[in-house]
Amino acid sequence: MSAQQIEIPHVDARQQKGITDEQAKFFLDNGFLVVKNVLQGKELAIVQQEMQALFDKGRSEVVPDEDYAYSKGVKSGRKVLKRIEYVIDKSDPMKALLGHPFILHSVEKLQGQNFIPTWDSMVVKVPDEGVIVPWHRDAAVPAGCTDPRPIFNVDFYLDEADLKTCLWVIPGSNRWREEEARQRCSRPGFDTSDAIPVPMQPGDVIFHDITVIHGSPDGDGNAQRRTVYYEFRPGEIEAGFGPHTQEYITFKQHVLLDCIARRSATAYAADEETYAYRYPHQSYWLER
């Protein structure tokens, strides 16, 4: 089956508690999964406002902070904002977002109950100055790891992503050998012949495996695009292979518990069933 013939399942966060077994299989087979309507109403508006403040700060000047990353603009040639790291540290609503029950139920289905959140960031495209994101894998599975559970990012879209700016994905490339992936990523130009576009609306989410090959065109002339990325990893993989320490695993578990509590205290999550995060004691990790 060619990439263009892939039938992406319809997943709506308003209608289910988390992803189903069938949807999980699609993700494992293809390396990505689209979920509609994860952020809605008041929460979507608050998160958009919070991230717009960071976007405006980084766009108005070159911020002398290593958390703010820049690339050469398509038109002006000047430094243009492309990424802001650690948005959870910079915003209480982003802490509450980490506790989203649909997301956490889905992560548990794919990784088991001992998962942890790791990196978080916002990637942006500035209007008329979009920076191309070449074909790439986010990272490699740790050397020597044979655990089949995926390591992946959850991408929260705060703006529409149309065919000018959306993510393009090569379905199934998460199962390719490293050499095959390297050859494909080195192909000149933004060749989409074996890829599919993934247009998104504000509030939609993409789950994408760190080994799936993806990228996006420069988006020249289009409106801005802000996408927040939260990465999750199985705790057992982290304990056995890193790159994080075992103490870090315990720390991130407590961070997630705090974020779940913060979410339960928000008005927009008042009617939600709070996710029950079950995790082992610190000694479990330190003895491994």
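Given the structure is predicted, the values throughout are model-derived calculations rather than measurements.

### Concerning the sheet that holds strand β11 (residues 225–234)
The antiparallel open sheet is built from seven strands, whose spatial order is β1-β9-β6-β11-β4-β3-β2. Each edge of the open sheet carries a strand with a single partner, namely β1 (32–35) and β2 (68–72). Each strand axis lies, on average, 20 degrees off the axis of its neighbour in the sheet, ignoring direction. Where strand β3 (residues 79–85) and strand β4 (residues 115–125) come together, three bridges link them in antiparallel fashion. Each residue of the ladder has a partner; that of E85, found in β4, is S121. Where helix α1 (residues 21–30) meets the sheet, its contacts fall on β1, β6 (152–157) and β9 (205–209), and the angle it forms with β1 comes to roughly 140 degrees.

### Here we look at the pattern of salt bridges
The full count for this structure, using the stated rule, is 23 salt bridges. With a closest N to O distance of 3.4 Å, K95 and D92 form a salt bridge. Taken together, the residues K95 and D92, both in helix α4 (residues 92–98) and three residues apart, mark about one turn of the helix. Judged by relative accessible area, which is 14%, K95 ranks as buried. Overall, the relative accessible area of 47% leaves D92 in the partly exposed class. Taking the shortest distance from any N to any O, the salt bridge between R233 and E238 comes out at 3.5 Å. Each member of the pair R233 and E238 is classed as buried.

How each quantity is defined
- Counting from 1, residues in each chain are numbered in the order their sequence is written.
- It should be noted that, the model being predicted, local features are given only for residues of pLDDT at least 70 and side-chain atom pairs only at 80 or more, the latter also being counted only at that level, while totals for whole chains, interfaces and linings use all residues.
- Values reported for side chains reflect all heavy atoms of the structure, with hydrogen atoms and water molecules removed beforehand.
- A pair of strands counts as paired when DSSP detects no fewer than two bridges linking them.
- Starting at the N terminus, helices and strands are each numbered in turn, a helix being any DSSP run of H or I of at least four residues and a strand any DSSP run of E of at least two.
- Only the contacting stretch of a helix is used when fitting its axis, a line to C-alpha atoms as for every element, and angles between N-to-C directions run 0 to 180 degrees.
- Contacts are residue-level and defined by heavy atoms, with any inter-residue pair within 4.5 Å sufficient.
- By definition here, a salt bridge exists when the distance from a side-chain nitrogen of Lys or Arg to a carboxyl oxygen of Asp or Glu is within 4 Å.
- Throughout, exposure labels follow a simple rule: accessible area from a 1.4 Å probe, protein chains only, divided by the maximum for the residue type, with under 20% read as buried, over 50% as exposed, and the rest as partly exposed.

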